[in-house]
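# Residue-level structure breakdown
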Amino acid sequence: AQTVTQSQPEMSVQEAETVTLSCTYDTSESNYYLFWYKQPPSRQMILVIRQEAYKQQNATENRFSVNFQKAAKSFSLKISDSQLGDTAMYFCAFRHYGQNFVFGPGTRLSVLP
Amino acid sequence: SQTIHQWPATLVQPVGSPLSLECTVEGTSNPNLYWYRQAAGRGLQLLFYSIGIDQISSEVPQNLSASRPQDRQFILSSKKLLLSDSGFYLCAWSVRLGEAGELFFGEGSRLTVL
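The rules we used
- Residues numbered from 1 in each chain as written.
- Chains lettered and ligands numbered in written order.
- Predicted model: local features only at pLDDT ≥ 70, side-chain atom pairs only at ≥ 80, totals over all residues.
- Heavy atoms only, no water.
- Disulfide = S-S within 2.5 Å.
- Helix = DSSP H or I, 4+ residues; strand = E, 2+ residues; numbered from the N terminus.
- Buried < 20%, exposed > 50% of the residue type's maximum accessible area, 1.4 Å probe, protein only.
- Polar contact = N/O pair within 3.5 Å; in protein donor to acceptor, adjacent residues only side chain to side chain.
- Contact = heavy atoms within 4.5 Å.
- Buried area = accessible area lost by both parts, 1.4 Å probe.
- Salt bridge = Lys/Arg side-chain N within 4 Å of Asp/Glu carboxyl O.
- Nonpolar A, V, L, I, M, F, W, Y, C, P; charged D, E, K, R; others polar.

Attention now moves to the state of the cysteines. Scanning the model with the defined rule gives two disulfides over all chains in all. In this model A:Cys23 forms its disulfide with A:Cys92; the gap between the sulfur atoms is 2.0 Å. Linking A:Cys23 and A:Cys92, the disulfide has an S-S dihedral of approximately -70 degrees and is accordingly described as left-handed. Linking A:Cys23 in the loop between β3 (19-21) and β4 (24-26) with A:Cys92 in strand β10 (residues 88-96), this pair joins segments that are 69 residues apart in sequence. Given the relative accessible area of 1%, A:Cys23 is considered buried. The disulfide bridge from B:Cys23 ends at B:Cys91, spanning 2.0 Å between sulfur atoms. Because the sign of the S-S torsion sets the handedness, a value of about -75 degrees for the bond joining B:Cys23 and B:Cys91 places this disulfide among the left-handed ones.

Given below as structure tokens:
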């Protein structure tokens, strides 16, 4: 069975600095998709970034980028120039082609002024 | 554009009472629909998913049930709530045929069973 691990339950970062959230996953499949979701306090969960496993190039969305290491089964999220609005729970998720999503336990990120 | 709404946002219910949480998607057809539960400070547990009307799959045995009476309506129910049913419930949808499709989440419903 696929599993997703986020080894950092909580993290904090100073405003304007860079932070990296870790995620590892376990699968025997070769075709799959990886996602990072953000859940701000008392607000809706939204997609931050996604990565297709067959693509070697790391995905980037403005201040958010990933470091996808397929052989190591690692999918970390880097947030550059952190802003107060980045304070949220961040969930790493895995989805094999045609199957349901598997979520990690989440990392609570606090951006400090 | 597509939207998803779920309600009520907050619910406080006594043990043994019934439950009905409703979710509606607009702006798309034939979506996959999901109910997740999120315990405090923890990840998401998939409860039910549906690929079509009256086609419901349950991921874990529990005190809850789900129904999909219409293409874009998904309902989470219980006949008698337990204390352990307390939590944050999220409805979500994804494109049915798009295997790379992301999940789009509703605003969530916080249930407290007393």
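Alright, that's what it looks like, and here's the rest.
Residues and elements named next belong to chain B. Within the fold, glutamine 13 resides in strand β2 (residues 10-13). A polar atom in the side chain of glutamine 13 sits 3.0 Å from the backbone oxygen of proline 18. Residues contacting glutamine 13, with those up to four places away along its chain left out, are Pro18, Leu81, Leu111, Thr112, Val113 and Leu114.

A word on unusual backbone geometry. The residue after B:Trp7, namely B:Pro8, is reached through a cis peptide bond having omega 0 degrees. Inspection of the secondary structure puts B:Pro8 in the loop between β1 (3-7) and β2. The backbone phi angle of A:Asp81 is positive, close to 50 degrees, even though this residue is not glycine. Its location among the elements puts A:Asp81 in the loop between β9 (74-79) and β10. A:Asp81 gets classed as partly exposed once you look at its relative accessible area, which sits at 39%. Of note in this structure, B:Asn30 is not a glycine but carries a positive phi near 55 degrees. Here B:Asn30 lies in the loop between β3 (19-26) and β4 (32-38).

Now for the interface of chain B and chain A. Counting residues at the interface gives 24 residues for chain B and 18 residues for chain A. In total, about 1,700 Å² of surface goes out of reach between chain B and chain A, with carbon and sulfur atoms giving 51% of it. There are zero salt bridges connecting chain B and chain A. Across the contact surface, chain B and chain A share three residue pairs in polar contact (both at pLDDT 80 or more). Only β4, β5 (44-52) and β9 (87-94) of chain B provide two or more residues apiece to the side of chain B that touches chain A. Here the element with the most residues in the side of chain B that touches chain A is β4(B); it accounts for four residues. When the residues that make up the side of chain B that touches chain A are grouped by side-chain class, the tally is eleven nonpolar, eight polar and five charged.

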